[in-house]
Amino acid sequence: MIKRHKASIKNCIIHKVGNKFNGTKNAFSDTAVHFDEATYNLILPFLLKPFVSVAESYRFHHHSDIGLNEINTYSSQIFEDGSDFVEISKHVVTHLFEQSNSAQIKTGDVLVCHFENIQYEDYFVDAVGIFKIENKTEFFQTYLEDGNYDILVQKGIQAKKVDKGCLILNTSDMEGKIAFSVDNNTYDTQYWIKSFLNIKYPDDSNQHTKNCIELCREFSKEVLQPNFGGQQQSNFLAKTVDFFKENEIVNIETFKEEVFDEEDQIQLFEDYKKNYEAENKVLIRNQFDVSEVALKKQKQKIKTEIKLDTNIQIKLDVDAPDASAEYLERGYDEDKKMHYYKVFFNDEA
């Protein structure tokens, strides 16, 4: 997560990237963009705003030597010597072109920018931004000709959100240079994240929190709901969120003791955890620090609704872990041969 209130653009250039599968070629600029004041004031927040709310950062990756990661190398060259900015930006676009390994990869404009004074945590750093504009919007343009106004349709970039973008900071931790990525056209996530950038999540509290909550969410959906019903599923998710909110450090053994009431459910969770880790190639740490940012983001993805085949839905508050047990009762009606839920309340809101 960055702050942009003091940021500025030191250098920016625009190229076009083609697709080798449909015969379109790259088109390169030879000079950087010289913005007028109005354009500059609009494009700076347009490019940086997507990263202000991004909580999860990445680190560059390579299977044999991180020095062979192209974007890691190109960004380092820009930070070290800005005089080669134009030529290095062309290498960036050529590398992007080489990753167009299917006909569905879209062509588009590519902006390569060198930013100054990006705030990350408590200090200011330079950053390299790479942005791909894949979609353009039709708009009406009025113009004056021979004393009369006329109108025509043009295509341009919508100044709301970038299609794809990455921001590489000129700062590192133990795992390497810090990078952020956004992708609003996720038709091929492998193309941008893995093929072009070759980045991965770091081994930090954000990732540990995310991995564990995603495990719990999938366990509730695949095991608890089919075998114990929607009430048990929702109750488990609410207790999970509450546990993460109340503890700065998560210990998996303590988590199981506080969240599960039945020993057989603990065993089901342990078995599912082993399979989940193997299938998804992740490691759920036995103890880790809770990331409030990651918790907030994951909480938004949790749905605590009981959907019934009678077209009725019961929505439970994920922030009220005891409400389901206290005010919702599940039973079976012998006369109707149907399950039912009984809800207790004082007043209708």
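For the structure itself, look to the data block above.
Residues numbered from 1 in each chain as written. Predicted model: local features only at pLDDT ≥ 70, side-chain atom pairs only at ≥ 80, totals over all residues. Heavy atoms only, no water.

Peer 1: Explain the overall build of the chain here, please?
Peer 2: Counting its secondary structure elements, the chain contains ten helices and 16 strands. On C-alpha atoms alone, the chain measures out to a radius of gyration of 26 Å, which is more than a quarter above the 20 Å that the 2.2 N^0.38 rule sets for 349 residues. If one aligns the C-alpha atoms of the chain with their principal axes, the spans along those axes are about 80 × 60 × 40 Å. Sorting the 349 residues of the chain into buried and exposed places 44% on the buried side. Long-range contacts, defined here as pairs at least 24 residues apart, represent 66% of the contacts in the chain between residues at least 6 apart. In the structure as shown, the chain presents an accessible area of about 20100 Å², 46% of it carried by carbon and sulfur atoms. (Helix = DSSP H or I, 4+ residues; strand = E, 2+ residues; numbered from the N terminus. Rg over C-alpha atoms; globule rule 2.2 N^0.38 Å. Buried < 20%, exposed > 50% of the residue type's maximum accessible area, 1.4 Å probe, protein only. Contact = heavy atoms within 4.5 Å. Areas by Shrake-Rupley, 256 points an atom, 1.4 Å probe, with all protein chains shown as cover.)

Peer 1: Would you mind showing me how to read the side chain of Lys210 here?
Peer 2: Note on placement: Lys210 falls in helix H5 (residues 205-228). When near neighbours in sequence (up to four residues on either side) are disregarded, Lys210 contacts Glu56, Tyr201 and Gln298.

Peer 1: I keep staring at the side chain of Lys90 and nothing clicks. Help me out?
Peer 2: Tracing the backbone through its elements, the reader meets Lys90 in helix H3 (residues 85-98). On the basis of relative accessible area, Lys90 is assigned to the buried category, the value being 14%.

Peer 1: Is there a simple way to think about the packing of H5 against helix H8 (residues 263-280) in this case?
Peer 2: Helix packing for two helices is described by the angle between their axes and how far apart those axes are. Interhelical geometry of H5 versus H8 gives an angle of 130° and a closest axis separation of 10 Å. As far as their axial angle goes, H8 and H5 are oblique. Remark: the crossing between H5 and H8 carries right-handed chirality. Across from Glu214, Leu215, Cys216, Glu218, Phe219, Glu222, Val223, Leu224 and Phe228 in H5, the residues of H8 making contact are Asp264, Gln265, Leu268, Phe269, Tyr272, Lys273 and Tyr276. Residues belonging to the contact of H5 with H8 are distributed by class as follows: ten nonpolar, one polar and five charged. (Axes fitted to C-alpha atoms, helices over the stretch in contact; angles between N-to-C directions. Parallel < 35°, antiparallel > 145°, perpendicular 65-115°, else oblique. Left-handed = near helix turned anticlockwise from the far one by under 90°. Nonpolar A, V, L, I, M, F, W, Y, C, P; charged D, E, K, R; others polar.)

Peer 1: I keep staring at a nonpolar patch on the surface and nothing clicks. Help me out?
Peer 2: Taken together, the side chains of Phe140, Ile151 and Val153 make up a nonpolar region of the molecular surface, amounting to roughly 330 Å² of accessible area. In this structure, Val153 sits in strand E7 (residues 148-156). (Patch = residues over 30% accessible without salt bridge, like charges linked within 9 Å, V, L, I, M, F, W, Y side chains within 5 Å. Salt bridge = Lys/Arg side-chain N within 4 Å of Asp/Glu carboxyl O.)

Peer 1: Just checking my understanding: could you explain the packing of aromatic side chains for this structure?
Peer 2: The way to describe two aromatic rings as a pair is by their centre distance and the angle between their planes. Considering all chains together, one arrives at 19 aromatic pairs under this definition. Ring centres of Tyr120 and Phe180 lie 6.2 Å apart, and the angle between their planes is 65°; this geometry places the pair in the edge-to-face category. Of this pair, Tyr120 sits in strand E4 (residues 108-120) while Phe180 sits in strand E9 (residues 176-183), and the two are 60 residues apart along the sequence. Classification of Phe180 as buried rests on a relative accessible area of 1%. With centroids separated by 5.2 Å and ring planes inclined at 90°, the aromatic side chains of Phe219 and Phe269 adopt a geometry described as edge-to-face. Placement of the pair is Phe219 in helix H5 and Phe269 in helix H8, with a sequence separation of 50 residues. A relative accessible area of 0% places Phe219 in the buried class. Taken together, Phe219, Phe236, Phe243, Phe244, Phe255, Phe260, Phe269, Tyr272, Tyr276 and Phe288 form an aromatic cluster joined through their ring pairs. (Phe/Tyr/Trp six-rings, centres within 6.5 Å; stacked < 30°, edge-to-face > 60°.)

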